[in-house]
Amino acid sequence: MKLCFFFLLSVLLVQFGNGQKLRVMSYNIWGWKDFGSRLNSMAQLICSNDVDVVGIQEGVDDNKNGISGFPPGSRYWRANQLCARLNAVCKNCFSCYYQIFANRCKGVSLGGGSRYDLPDGPKYVRTGEKATITKGGQRVCFLNNHWDHQAPGTHQEAANAIIRQSYSCSKAIVVGDFNTGRNAATDSILRYGFTYVHNVGIDYIMAKGLKKTYAKTIAGGYPRSDHPILVADVQ
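Residues numbered from 1 in each chain as written. Predicted model: local features only at pLDDT ≥ 70, side-chain atom pairs only at ≥ 80, totals over all residues. Heavy atoms only, no water.

Undergrad: Before we move on, can you summarise the sheet that holds strand S3 (residues 53-57) with the specific residues and values?
TA: Spatial strand order, S5-S6-S3-S2-S15-S14: six strands in an open sheet with mixed pairing. The sheet is open, and its two borders are formed by strand S5 (94-97) and strand S14 (212-218), each paired with just one other strand. The mean inter-strand angle of the sheet, taken between neighbouring strand axes irrespective of direction, is 15°. Relative to strand S6 (residues 100-103), S5 runs antiparallel, the two sharing four bridges. (Pairing = 2+ DSSP bridges. Helix = DSSP H or I, 4+ residues; strand = E, 2+ residues; numbered from the N terminus. Axes fitted to C-alpha atoms, helices over the stretch in contact; angles between N-to-C directions.)

Undergrad: Break down the nonpolar core for me, with residues and values.
TA: Counting 29 residues, the largest nonpolar core has Met25, Tyr27, Ile46, Ile56, Leu82, Phe94 and Phe101 as its most contacted members. Where this core is concerned, the elements lending two or more residues are strand S2 (22-28), helix H1 (35-48), S3, helix H2 (77-89), S5, S6 and strand S15 (229-234). Tallying contributions element by element places H1 first for this core, with six residues. Phe94 has contacts with Ile46, Val51, Leu86, Asn87, Phe101, Ala102, Asn103 and Arg104, leaving out every residue within four places of it along the chain. (Core = buried A, V, L, I, M, F, W, Y, C linked by side-chain atoms within 4.5 Å. Buried < 20%, exposed > 50% of the residue type's maximum accessible area, 1.4 Å probe, protein only. Contact = heavy atoms within 4.5 Å.)

Undergrad: Could you give an account of unusual backbone geometry, naming the residues involved and the relevant values?
TA: The peptide bond linking Tyr222 to Pro223 adopts the cis configuration, its omega dihedral lying at 5°. Mapped onto the elements of the fold, Pro223 is located in the loop between S14 and S15. A positive phi angle, near 60°, is found at Trp30, a position not held by glycine. The residue Trp30 is located in the loop between S2 and H1 in this model. Classification of Trp30 by relative accessible area gives buried; the value is 10%. The backbone of Tyr98 shows a phi angle near 55°, a positive value even though the residue is not glycine. With respect to the helices, strands and loops of the structure, Tyr98 is situated in the loop between S5 and S6. According to the relative accessible area criterion, Tyr98 is buried, its value standing at 13%.

Undergrad: Summarise the pairing of S3; cite the residues concerned and give the values.
TA: With five of its five residues buried, S3 lies for the most part within the structure. Residues Val53, Gly55 and Gln57 line one face of S3 and the alternating positions Val54 and Ile56 line the opposite face, and both faces are buried. Two strands pair when backbone bridges link them, and S2 and S3 are joined in this way by five bridges, in the parallel orientation. Pairing of Asn28 across the sheet is with Gln57, part of S3. Following the chain from S2 across H1 to the adjacent parallel S3, one finds a crossover that is right-handed. Taken together, the three bridges between S3 and S6 define a ladder with antiparallel strand orientation. Pairing of Val54 across the sheet is with Phe101, part of S6. (Right-handed = clockwise from strand over helix to strand, strands pointing away.)

Structure representation (structure tokens):
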């Protein structure tokens, strides 16, 4: 069955050594709200939480009118600006690939990848990215998502896309803004070995083949975000 991808999906491979903890963050950066004046606050929040990998949402402008194949980076201006400010605040610690930020000061290296179109209704295209990071010896797929906020009927297709992208992964992490509370669509992912690691409202961290050792919620609000920010350690 042909799957329609109605969400922002990022996929990357994460490698980390046996017994090491991987700290992940899911952060909707409230991209449309006073973005420039909040850059320092967002960068300081990421840096102060000692994360290994961050998946952000709303760092990209969706490609309108169904036009595909826009040049890489051409609409990622928020992600690009946040990456630059993050490195200014965090002593040049982060490698950035579109909306995926990896902390090289914690021994995490970020390799190559690619972006691709994801349909979002008849007049819009969302974007997905793929990259590879390395920390130690174990490999884990990391998926960063932003589901459609106006068409809940697309959510099962979004869940199916997560299942498809992670199917061959023995270990995987899913983060993102799903724009829905826990329901049949989110629960369908559990049938493929995932568990809820951390979930507050419509924001999620899920994992397959990994166990939670710690989780916390950073309260939203100006200047941080209009969402809670989720942090979790898994191993």
